[in-house]
Amino acid sequence: MIKRHKLYFFMLLSMTVFGLHAQQSLRERTNIDKDWRFAYGHAADPAKDFNYGVANIFSKSGKTEATPMSKDFVDTTWRHLDLPHDWAVELPFVEVDNFDVQSHGYKPVGGLFPETSVGWYKKQLHFDAADSGARFAVTFDGIFRDARVWINGFYLGNNESGYMGVTYDITDYIHFDKPNNLVVRVDATQYEGWFYEGAGIYRHIWLEKYHNLHFANWGGVFVQADVTGEEAIITVETEVVNETQSPANAEVYAVVMDRNGKELERSEIQSIVLGLNGKASIKHQLTLTNPNIWDLDNPYLYRVKTVLLLDGKPIDHQVEKFGIRTIEIDPKRGVVLNGMPIKIKGTNNHQDHAGVGSAMPDYLQYYRIKLLKEMGSNAYRASHNPPTPELLEACDSLGMLVMDETRLLNSSPEHMDQFEKLIKRDRNHPSIFMWCIGNEEGWIQQNSVGKRLALTMLAKQKELDPTRTSTYAADLANVYNGINTVIPVRGFNYREYGMVPYHKDHPNQPVIGTEMGSTVTTRGIYQVDSLKGYLPDQDLSHPWWASLAEEWWPIVAENDWHLGGFIWTGFDYRGEPTPFTWPNVNSHFGVMDVCGFPKNLYYYYKSWWADEDVLHISPHWNWAGREGETIDVWVNSNAEKVELFLNGKSLGTKKMKPNSHLQWQVKYAPGELKAVATRGGRTFKASQVTTGAPVQIKLLPDRQMLRADGKDATVVNAVVLDRNGNEVPTANNPIYFELDGDSEIIGVGNGDPSSHEDDQASNRSLFNGKCQMVLQAGESSGFVKVRAISPGLQAAEITIELTNSDKKLLGIR
């Protein structure tokens, strides 16, 4: 039997990540990630940048000269690859005394590295002559960064943002009788953040075909739900664009469907008149009785289908997922979801993962959100940039609230365009409960310039999405000037000591912890190692500007007016190796490492966030050579009291203070360290045992059945066991992975913040007992044998099935 929550996870992956097999759409949206060519250019030498910069290509439309945009350009030496692609993760680590290189994970990308900071991509597209009357557009979900795009030698535009996508209409340029060349030049010499950002086309690309009279491509359908008693009023606002050669009279209607596509309600048909090149908006209202409410534990998603008619015939439609729920932000009760106050138990996260960098397969978005929910987290801050759409789909489907954030507080045309596209793209997601208009803008946050910028952005947010509010993440204590005087929700980045006095002074302004904590730890390490750059795996160390978990969370937990907070961070990420520099290449802030392996602090938060019994002992109990020495033992639990035993002898019972932990000083003797906890009349146990030497490998796949689509993926974790079957927590053996079947290894990792092993390899050393491989499925149904070997250890082997059977993937017998 498959447990219910695991079956639900499989269903979401099958239906949401890989698409429902629904009826043919009037509008076609095709993924074009496959079969690209790639080559490095050069930021400083035009001769090595394929003549770009010296060829006068912008003097005439379609002029290409001897550049990659030319139809005669030979790209046979270019590398063949599929997207998403992050070329930074493929590069070696380099030791350079430069803060920005350090904060980006010591990868040779940026202005100091002209030879590896520009990348060129090419793909051929083919169009059917039967479609010559249609419109075509290409949508890039995300490119890092400063991308210039051409098709058939014609320049389409420049997208500066490394995080916000862009759509280009390519209708006027395409050929129906020969191949079409789509070319992208990506220039990552300029950083946008102070953290790992990757490089390249690291998100999906889509080719869209639609009628000349159509719904707007970017945010053309806005769905709002207003719940009153047993009814939900669904307002569907659509924008229609006329790109025909004459004025048009059209009709629009909307349909609400359940998650399986069954029609529940249909609106009346409304007429709309559009002039030549005109745009018009129209609203429909539909009523659902006894709706299924979207909630953290019941993330039910309806569908709205909007249909555009011309002469009574459908010519376009769009389908949007949405959830029916209510959100209130109350200065006394906090976040009120569907009438019930909840405390935000959130995590900040960047967008990279072990082995793959920023080019994460969709599956990993779901995997990471699942891990956060298992910790008891209910909210995710997309710091500090617009997230990939698949992240929001995972949060919608699994039940995770989101604070959606734009890259910069700026009202310039460039950044307002990014902000507007962010809101239009994301406003139908029920998971989003609040927008964030900026983060730690130290040059302007306390002055009138920052205030004016904030007011402009807030007005735009209310125009585009009146259903939500905004915050700004200020690294200020009890300070009320500049942005803080106009922001609807006061965001605190650290400075937790200022939250209570600020609320006392401004009781009608809600308060949320946009960044809290920032304990720095290294999984499985129990003393400072300045040479390797390791820190103890306990709630002991933090930078000067931050705090320990037990210093901020009790303030939030004990005050109903406080909305809650987002810890920095859920996962370690590349770059920002605070408080160290080289050889550290990634952060220590996560409660999980870059692979998603929990650190001990994970169990502190799980103790007070999760609705289940939690009992965790640390450290491990392998201290050969330290017999008789005192070991500092921590117990994280939500129990009322805990008794600790060493080899059957009681070391005493201690009562648990809420939102705290327990400690014992224990003289080390090998054997079993056991804790017995009591909570609500229940008794539960946990232990750490002294293990023997490793003798065999064990593989732990997250999933053993994948869709054979060339995109699906799974994590396979590796541990080693002693002769008694116990995991050896101190093992650092090298693990070599072998595959037999249609699949590939797309990344490996182990959570070691100072590891310089190749991320794009088939082997990885264990770090304190664990390492990880990310496997991606091929396109052929069948079985993949995954084998792991290491000198002197018994090998491990598992089998993963690749299939396109929906019944199998959904676990239906």
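Cut-offs and rules
- Residues numbered from 1 in each chain as written.
- Predicted model: local features only at pLDDT ≥ 70, side-chain atom pairs only at ≥ 80, totals over all residues.
- Heavy atoms only, no water.
- Helix = DSSP H or I, 4+ residues; strand = E, 2+ residues; numbered from the N terminus.
- Buried < 20%, exposed > 50% of the residue type's maximum accessible area, 1.4 Å probe, protein only.
- Contact = heavy atoms within 4.5 Å.
- Lys, Arg positive; Asp, Glu negative; His and termini not counted.
- Charge placed at Lys NZ, Arg CZ, Asp CG, Glu CD.
- Disulfide = S-S within 2.5 Å.
- Axes fitted to C-alpha atoms, helices over the stretch in contact; angles between N-to-C directions.
- Parallel < 35°, antiparallel > 145°, perpendicular 65-115°, else oblique.
- Left-handed = near helix turned anticlockwise from the far one by under 90°.
- Pairing = 2+ DSSP bridges.

Caption draft 1: Examining the overall build of the protein more closely. A count of helices and strands for the protein gives 10 helices and 46 strands. In terms of principal-axis extent, the alpha carbons of the protein reach across some 90 × 60 × 60 Å. Expressed as a percentage of its 813 residues, the buried residues of the protein come to 61%. Contacts in the protein between residues at least 24 apart in sequence constitute 69% of all its contacts with a sequence separation of at least 6. Computed over 81 positive and 101 negative side-chain charges, the inter-centroid distance for the protein is 4 Å.

Caption draft 2: Expanded view of the state of the cysteines. Here the structure, examined in full by the defined rule, presents 0 disulfides. Cysteine cysteine 395 shares no disulfide, and the gap to the nearest cysteine sulfur, in cysteine 436, comes to 16 Å. Under the relative-accessibility criterion, cysteine 395 is labelled buried at 0%. Left unpaired, cysteine 771 is separated from the closest cysteine sulfur, that of cysteine 595, by 7.9 Å.

Caption draft 3: The packing of helix H8 (residues 549–557) against helix H9 (residues 600–609), seen in detail. Axis separation between H8 and H9 bottoms out at 12 Å; the angle between their running directions is 15°. Classified by the angle between their axes, H8 and H9 sit roughly parallel to one another. The chirality of how H8 crosses H9 is right-handed. Contacts between H8 and H9 involve Ala549, Glu550, Trp552, Trp553 and Pro554 from the former and Leu601, Tyr604, Tyr605, Trp608 and Trp609 from the latter.

Caption draft 4: A look at the sheet that holds strand E22 (residues 340–342). Taken in spatial order, the 3 strands of this open sheet run E20-E21-E22, and their pairing is antiparallel. Looking at the sheet topology across the chains shown, the edges are occupied by strand E20 (327–330) and E22. If you compare each strand with its neighbour and ignore which way they point, the axes differ by 35° on average. Pairing analysis gives 3 bridges linking strand E21 (residues 334–337) to E22, with the strands arranged antiparallel. Bridging from a neighbouring strand, leucine 337 pairs with methionine 340 of E22.

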